[in-house]
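Descriptive structure summary
Each chain, written out:
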Amino acid sequence: MPLPEPLTPAWRLRALRRWLTLCWLVLLVAPNLAQAREVRVGVYQNEPKIFMGADGQPSGILGDLLVAMARREGWTLTPVPCEWSACLGALQAGDIDLMPDLASTEARLEIFDIHRIPSLLSWSQLYKHSSVPISSMLDLKGRRVAVLAGSVQQSYLQNLLSSFGVQAELVPVQSLEEAFEKVAAGQVDAAATNRFFGDRRAATHQLDLTPIMFQPAQLYYATAQGRNADLLAAIDQHLGQWQSQPDSEYFRVLKRWMEAPPRFLVPAYLWWSLGTLALLLALALAGGALLRRQVAEKTRHLRASEDRLATILNSVDAYVYIKDTELRYQYANRKVCELFGRPLAQVQGRTDSDFFDVTTVERLRINDLRVIQNGERLEAEELNRSLDGTEERNYLSIKLPLRQPDGSIYALCGISTDITERKRAQEAIHQLAFYDPLTLLPNRRFLMERLQQTLKATGRQHQHGALLFIDVDNFKDLNDSLGHAMGDGLLRQMAVRLGACTRAGDTLARQGSDEFVLLLCDLSPELDVALAQAQHVAQKVLQQIAEPYQLENQSYQSTVSIGIAMCGDAPTSRDELFKQADLAMYRAKAEGRNTLCFFNPAMQAQVSARTALEADLHQALARSEFVLYYQPQVDADGKQLGVEALVRWQHPQRGLVPPLEFIPVAESTGLILPLGRWILRTACLQLVAWASSTEQAPWCIAVNVSARQFRQADFVQTVQQALLDTGANPQRLKLELTESLLVDDVEGVIARMSALKALGVRFSLDDFGTGYSSLSMLKNLPLDQLKIDQSFVRDLLSDPQDANIVRAIVTLGASLSLQVIAEGVETAAQRDALLALGCTHFQGYLFGRPAPVAA
């Protein structure tokens, strides 16, 4: 047995080296031993956006992007193949973690979470069989159109067809490839697909593109709601970095899948030509004469082929051209010559600088050199402006290198298609779908989508946001006085000023006629700071809007009321946030307009109380909870001449509810109409009851009629029917009208009053002196009485102006042969002063408070 090795310095050095080597191996292997994050990804067949690659990983534009992100994040991707609708079901159930290629809709955002930055922009188009004539939505009548089952295209196209009044059958399919196969087989007439799949696969199935485009969409990766927020945050981070860098992984993936390599097929006629040349060579050995004759024959055929090729190239609806290595035109078809306005002889040998402006020439030169110098196959959109700068067109250009037998490039061949109208149509569709045509601001649909995304982002990032409801004060007055054209001009100028008050990440939208909405994002995580930031923006808006406007050479000033609702502290739905901002805006108006107001829970309590009051009010008539009180009306001797009927609400829980609380609610909800009919009928029944009493038979009952009730087309018939049903004496019924009735449709008011006057009904003008009456109007109204408003009676003894007003009203009544009565008389001194001024009829607490009929 060998002796142990002595502990020499050399032995110690070797042991130290072994220990360091072992530590290095552990450090090297340890990261690989950590468990990578597994991400289950739904994959369905939708080339070139997403499909299962040959390596068992997601492929296509969205697949390659996800693989690149996974590589950087250390994720292990587990693809889950599925059909589209099954993928969505699995995502919602949590069987997969991530689903690419999801278009954002309101319905989907209720069940799925998406990231903030779109991963891809797309739109939908229809592709048809070549034998089917389809050029507009109207041509789809009676047609069968294949759509992907459960896709947003299916519901969107159905709604679009309905808006055109077109009946077409939508045939659901499980994949876009199946849709194209059905069109090619003649089983359906057309298929709806995204532009990526259509551009890549239409030629394979020999399908034609139609001009029908719809549903511009932003595409996202999605997770089940409330799950895998870290995945969405990481995707947002990578997309934000990549989309800002032209040479990033994002644009390399787009280039790889958007620029399909050219197919090169050896034409059949070339093989025949080679055979023919071999035959000619054999014949040449037989005799020179026969060779010359064959050469002459071939020359004639070649010239005929060249003529046919020129005819074909001049007939296609595309711009075909060839440029040499100096970028000089060597060939141009008819379309190119027409574009340049010159014959072919004057195009050959010239460069782009002879036909386009400097900017266009430089862009074209960069693209052309990529083909000439690098041998690239280029497919790109090109914006070309004419030499004089008056015309600008968009082209989709495909440029290929032309090579010598040795592989060197001697020219490029370009084929450009004019897509100007197509681009304009796409922009118009997007503009109509998401923007307001008057102010060019985003519309409510755009705002709602952005707000939904913001609410999710603020929850994940623990930041605050604010929603500002901005309502123009007294906008209706401007429209009524100066016209709608002036109102539109004001809104356009306001939109410009509001835009100057917003930050880059905020969203300003037009909500409705005179309402704007400003969504503030990325406010401070601290609530106090976020409130101050929102208040600062709102005050800036108030200041900017209050500056004078020039409307058709007229100076005009306007203000706005702003309601602010904050989000971020607690989960809040989109509709709830809108409701809160709306309530705060109405509070700002109630506080005098031209101010701002933050939402607080007290407002919600007030609204809830009003809602409960409105609900009880709907049941009050059916439950007979209303009762009429009567207040005496007397003459100068104190003799009672009649009463005014005043409605009260005997609520079973609240007790006696004052009219000032429930009458405005009844007016706003329309319940004033059935309530008014009940008051009228009850008063008529009381007249009948009093008719049998010697003392009370001469009494009149004054009934208040609201403006909304009086303007009903059947009001005259309603009063007449109440008199007939009850048998009341119409001469004892007095209707009290307010001066607000006289603002609109004076002729209609006079006609109704005259019809009722013919029945014997009398009229009193209530609250006289506080409204809009004029002498010319009063003399045409069939009135019997003027009622002096209590505001003039209250300060009669201390304010000489009120005394002068009362004297003027009494004098006016006498000149028009109208009785004058004063309301709100509470003291004997007020009565004596009114008598001294000539008023001989009174109503007020001095003579009796309103009380039930039994009192």
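None of the values given here were measured: they were computed from a predicted structure.

**Considering unusual backbone geometry**
A cis geometry characterises the amide bond from glutamate 47 onward to proline 48, with omega recorded as 0°. Considering the arrangement of structural elements, one finds proline 48 in the loop between strand 1 (37-43) and strand 2 (51-52). The phi dihedral of arginine 593 falls on the positive side, at around 65°, and the residue is not glycine. Backbone geometry at serine 817 places phi at a positive 60°, although glycine is not the residue there. Inspection of the secondary structure puts serine 817 in the loop between helix 29 (800-815) and strand 31 (819-823). Residue classification places serine 817 among the exposed positions, given a relative accessible area of 67%.

**Looking at the side chain of aspartate 802**
When you line up the elements, aspartate 802 lands in helix 29. For the buried aspartate 802, no salt bridge exists, and the shortest N-O distance to an oppositely charged side chain is 7.4 Å, to arginine 794. Beyond its immediate chain neighbours, meaning those up to four positions away, aspartate 802 contacts Ser791, Phe792, Asp795 and Leu796.

**Points about the packing of helix 18 (residues 484-500) against helix 19 (residues 527-545)**
Between helix 18 and helix 19, whose axes approach to 9 Å, the crossing angle comes to 145°. Of the two elements, helix 18 crosses helix 19, and the hand of that crossing is right-handed. Residues Met494, Arg497, Leu498 and Ala500 of helix 18 lie in contact with helix 19, whose contacting residues are Lys540, Val541, Gln544 and Ile545. Of the residues in the contact of helix 18 with helix 19, the class split is 5 nonpolar, 1 polar and 2 charged.

**Considering the environment of leucine 378**
Structurally, leucine 378 is set in strand 14 (residues 378-385). It is 6.7 Å that separates the C-alpha atoms of leucine 378 and leucine 400, two residues lying 22 residues apart in sequence. Not counting residues within four places of it along the chain, the set of residues in contact with leucine 378 comprises Asn367, Arg370, Val371, Ser397, Ile398 and Lys399.

**A short note on the sheet that holds strand 19 (residues 515-523)**
Pairing within the open sheet is mixed, and its 5 strands lie in the order 18-19-17-22-23. The open sheet is flanked by strand 18 (507-510) and strand 23 (596-598), the only strands paired with a single partner. Averaged over all pairs of adjacent strands, the angle between their axes in this sheet comes to 20°, without regard to strand direction.

**Things to note about the state of the cysteines**
Counted under the stated rule, the structure contains 1 disulfide. Paired through a disulfide, cysteine 82 and cysteine 87 show a sulfur-sulfur distance of 1.8 Å. Between cysteine 82 and cysteine 87, the S-S dihedral sits near 95°, and the bridge is therefore right-handed. For cysteine 87, a relative accessible area of 0% corresponds to the buried category. Cysteine cysteine 521 is unpaired, with the sulfur of cysteine 567 as its nearest cysteine sulfur at 7.9 Å. Residue class for cysteine 521 comes out buried when judged on its relative accessible area of 11%.

**Quick notes on the nonpolar core**
Ranked by internal contacts, the top residues of the largest apolar core, which has 72 residues, are Ile701, Val719, Leu733, Leu735, Leu783, Ile788 and Leu834. Core analysis: the second largest hydrophobic core is formed by 61 residues, Val39, Cys82, Leu91 and Val152 among them.

**Some thoughts on the packing of aromatic side chains**
Under the counting rule described, the total for this entry stands at 22 aromatic pairs. Measuring from centroid to centroid gives 5.9 Å for phenylalanine 842 and phenylalanine 847, while their planes differ by 20°, and the two rings are stacked. Relative accessible area serves as the criterion here: at 0%, phenylalanine 842 is assigned to the buried category. Joined through ring pairs, the aromatic side chains of Tyr321, Tyr329, Phe340, Phe355 and Phe356 make up one cluster. Across from the ring centre of tyrosine 549, 3.7 Å away, lies the NZ or CZ of arginine 497, which sits over that ring.

**Let's talk about the pairing of strand 24 (residues 626-634)**
In summary, the side chains of a regular strand alternate between the two faces of the sheet. The buried fraction of strand 24 amounts to 8 of the 9 residues, a majority that puts the element mostly inside the structure. As paired strands, strand 24 and strand 25 (residues 640-651) are joined by 9 bridges and run antiparallel to one another. The partner of glutamine 631 across the bridge, within strand 25, is glutamate 644.

**A look at the sheet that holds strand 12 (residues 319-324)**
The sheet built from 5 strands is open, its strands ordered 13-12-16-15-14 with antiparallel pairing. In this open sheet, the two strands that pair with only one neighbour each are strand 13 (329-332) and strand 14. Across the sheet, the axes of successive neighbouring strands diverge by a mean angle of 30°, strand direction being ignored. Here strand 14 pairs with strand 15 (residues 392-403) via 8 bridges, running antiparallel. Note on strand 15: the bridge partner recorded for glutamate 381 is leucine 396. Against the sheet, helix 14 (residues 358-374) makes contact with strand 12, strand 14, strand 15 and strand 16 (409-418), and its axis sits at roughly 160° relative to strand 14, the strand it touches most. Against the sheet, helix 15 (residues 420-434) engages strand 14, strand 15 and strand 16, with an angle of about 130° to strand 15.

**Side note on the pattern of salt bridges**
Counted by the stated rule, this structure contains 36 salt bridges. Of the charged contacts, one joins aspartate 101 and lysine 49 as a salt bridge, the two residues approaching to 2.8 Å between their closest N and O atoms. Of this pair, aspartate 101 sits in strand 5 (residues 99-103) while lysine 49 is found in the loop between strand 1 and strand 2, placing the two residues 52 residues apart along the sequence. Of the two residues, aspartate 101 and lysine 49, neither departs from the other in class, the shared state being buried. In this structure, the salt-bridge partner of glutamate 376 is arginine 370, at a minimum N-O distance of 3.0 Å. The class for glutamate 376 is partly exposed, based on a relative accessible area of 22%. One network of salt bridges, in which partners are shared, links Lys323, Asp352, Asp368, Glu382 and Lys399.

**Some details on helix 20 (residues 574-590)**
With 17 residues, helix 20 should cover 24 Å at 1.5 Å per step; its first-to-last C-alpha distance of 25 Å lies within 8% of that length. By the burial criterion, the buried members of helix 20 are Arg574, Leu577, Phe578, Gln580, Ala581, Leu583, Ala584, Met585, Ala588 and Lys589. Looking one or two residues past helix 20, glycine 592 carries a phi angle of roughly 115°, positive in sign.

Conventions and cut-offs
- Residues numbered from 1 in each chain as written.
- Predicted model: local features only at pLDDT ≥ 70, side-chain atom pairs only at ≥ 80, totals over all residues.
- Heavy atoms only, no water.
- Helix = DSSP H or I, 4+ residues; strand = E, 2+ residues; numbered from the N terminus.
- Buried < 20%, exposed > 50% of the residue type's maximum accessible area, 1.4 Å probe, protein only.
- Lys, Arg positive; Asp, Glu negative; His and termini not counted.
- Salt bridge = Lys/Arg side-chain N within 4 Å of Asp/Glu carboxyl O.
- Contact = heavy atoms within 4.5 Å.
- Axes fitted to C-alpha atoms, helices over the stretch in contact; angles between N-to-C directions.
- Left-handed = near helix turned anticlockwise from the far one by under 90°.
- Nonpolar A, V, L, I, M, F, W, Y, C, P; charged D, E, K, R; others polar.
- Pairing = 2+ DSSP bridges.
- Disulfide = S-S within 2.5 Å.
- Core = buried A, V, L, I, M, F, W, Y, C linked by side-chain atoms within 4.5 Å.
- Phe/Tyr/Trp six-rings, centres within 6.5 Å; stacked < 30°, edge-to-face > 60°.
- Lys NZ or Arg CZ within 6 Å of the ring centre and 35° of its normal.
- Expected span 1.5 Å × (residues − 1).

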